[in-house]
Amino acid sequence: MPEFTIDLVSDTSTRPSKEMLAAMAAAPTGDEQRDEDPTTLALCEEVADYLGKEAALFLPSGTMCNLIAFLVHCRPGDEIICASNAHVFGSEGGGASAVAGTQFRTVETADGIFSGADVRAFSRPRRHRSPRSRLVSVEQTTNRGGGAVWPVETLAEVAAAAKEAGLIVHMDGARLPNAAIASGRPAAEHAATVDTVWIDFSKGLGCPVGGALAGPKDFIEAAWTWKHRLGGAMRQSGVLAAAARHALKHNLERLAEDHANAAALAAGIEDIPGLEIFPTVPQSNIFFLNVAGTGKTAPQIAARMAEEGLRLGVETPTRMRAVTHLDVDRPGIDLAIGIIRRAISG
Ligand SMILES: *Cc1c(COP(=O)(O)O)cnc(C)c1O
């Protein structure tokens, strides 16, 4: 494994800071399964408050947040409407079908955002032969959609169409904190029209592990049973919850720096001949590089970058992904610009 001094492969690359580790070491703990871990209980209250929901549940991963939401909301054979490039559809091991027995109906969309009209078009009328349309899943921000931010108004429109069709709305809010900062609208406003929502602590917030799922009290009560069944119930989870509490306190507002860094990086390389950037102006901390016109493949470019200690994601032979985060500062971005220029054009 080469050492990457500038790792833009994902915002999951972050390491817990000294301050975060200190908060973890100092955390009061107890048995989470008995509701006796004070740090986890405090975190759940803070997350419920942040998202404007009644209750929240601490889980080991975002993937488990999505899976448990589907398990509680759906029955086997039910259909979930989501974007064609949704993480739940393409990046969670098929858990929704393998474990929850659900199937997806996907809306073709480049940026991962769809409309109320799409929900009306993709929800099935009740027929004996049809799978039951049950849930709409929205992703904020859209990961494989290039970090696009759903406008609060579009979320409301989708939720209204879903409600009309009798569907539940779930938000995969892995990067909802980024959306809140990028849009200047509180996370609770983004979550106001969805039934259930979660945030990831191991993305831009910089924690080593964890996510929290929020919604109505009875939903969280049912989610607890699935947390146990799936092996997600912990014991002294306070050491992990302390990292999340530290992140909510110190790492939210600074997401603006990641967004500015993504914009600076995109602006610094957009004129490279043959390179196309998507979206041309990043909305948050993610963007894609289409290298098809450069005469080099993504793996070739990645190998050149690796020699200088830079890593980007290789998505396909012609597509790379850059994600900014709290372990890469502006001087790092300036270095990355030079390395990318040399790797593609040199
Ligand atoms: C990372 C991610 C997940 C899964 O979260 P993990 O904590 O890695 O399990 C789900 N949805 C989106 C959009 C993500 O980016």
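Now for a description of the structure that goes with this document.

## Considerations on the sheet that holds strand β13 (residues 319–323)
Across the sheet, which stays open at both edges, the 4 strands sit in the order β9-β10-β13-β12 with antiparallel pairing between neighbours. Every interior strand has two partners, whereas the edge strands, β9 (276–278) and β12 (313–316), have only one. Across the sheet, the mean angle from the axis of one strand to that of its neighbour is 30 degrees, orientation sign disregarded. Pairing analysis gives 3 bridges linking β12 to β13, with the strands arranged antiparallel. Bridge pairing in β13 links G313 to R321. On the sheet, helix α12 (residues 255–269) packs against β9, β10 (286–290) and β13 and is oriented at approximately 20 degrees with respect to β10. Strands β12 and β13 of the sheet are contacted by helix α13 (residues 298–307), whose axis makes an angle of about 45 degrees with β13.

## As for the packing of helix α1 (residues 18–25) against helix α11 (residues 238–250)
Between α1 and α11, whose axes approach to 8 Å, the crossing angle comes to 135 degrees. Classed by the angle they form, the pair α1 and α11 counts as oblique. Regarding α1 and α11, the two cross each other, and that crossing is right-handed. Residues E19, M20, A23 and M24 of α1 form the contact with α11, whose own contacting residues are V239, L240, A242, A243, H246 and A247.

## Description of the nonpolar core
Of all hydrophobic cores here, the largest spans 62 residues; its most connected members are V47, L51, F114, V136, V138 and F201. It is helix α2 (residues 38–51) that contributes the most residues to this core, 6 residues altogether. If we ignore the near neighbours within four places in the chain, the residues touching V138 are F114, W150, L155, V158, H170, M171, D172 and V194. Listed in part, the 27 residues of the second largest apolar core include L265, I272, I277 and I344.

The rules behind the values
Residues numbered from 1 in each chain as written. Predicted model: local features only at pLDDT ≥ 70, side-chain atom pairs only at ≥ 80, totals over all residues. Heavy atoms only, no water. Pairing = 2+ DSSP bridges. Helix = DSSP H or I, 4+ residues; strand = E, 2+ residues; numbered from the N terminus. Axes fitted to C-alpha atoms, helices over the stretch in contact; angles between N-to-C directions. Contact = heavy atoms within 4.5 Å. Parallel < 35°, antiparallel > 145°, perpendicular 65-115°, else oblique. Left-handed = near helix turned anticlockwise from the far one by under 90°. Core = buried A, V, L, I, M, F, W, Y, C linked by side-chain atoms within 4.5 Å. Buried < 20%, exposed > 50% of the residue type's maximum accessible area, 1.4 Å probe, protein only.

Remember, this is a structural readout, not a statement about activity or role.
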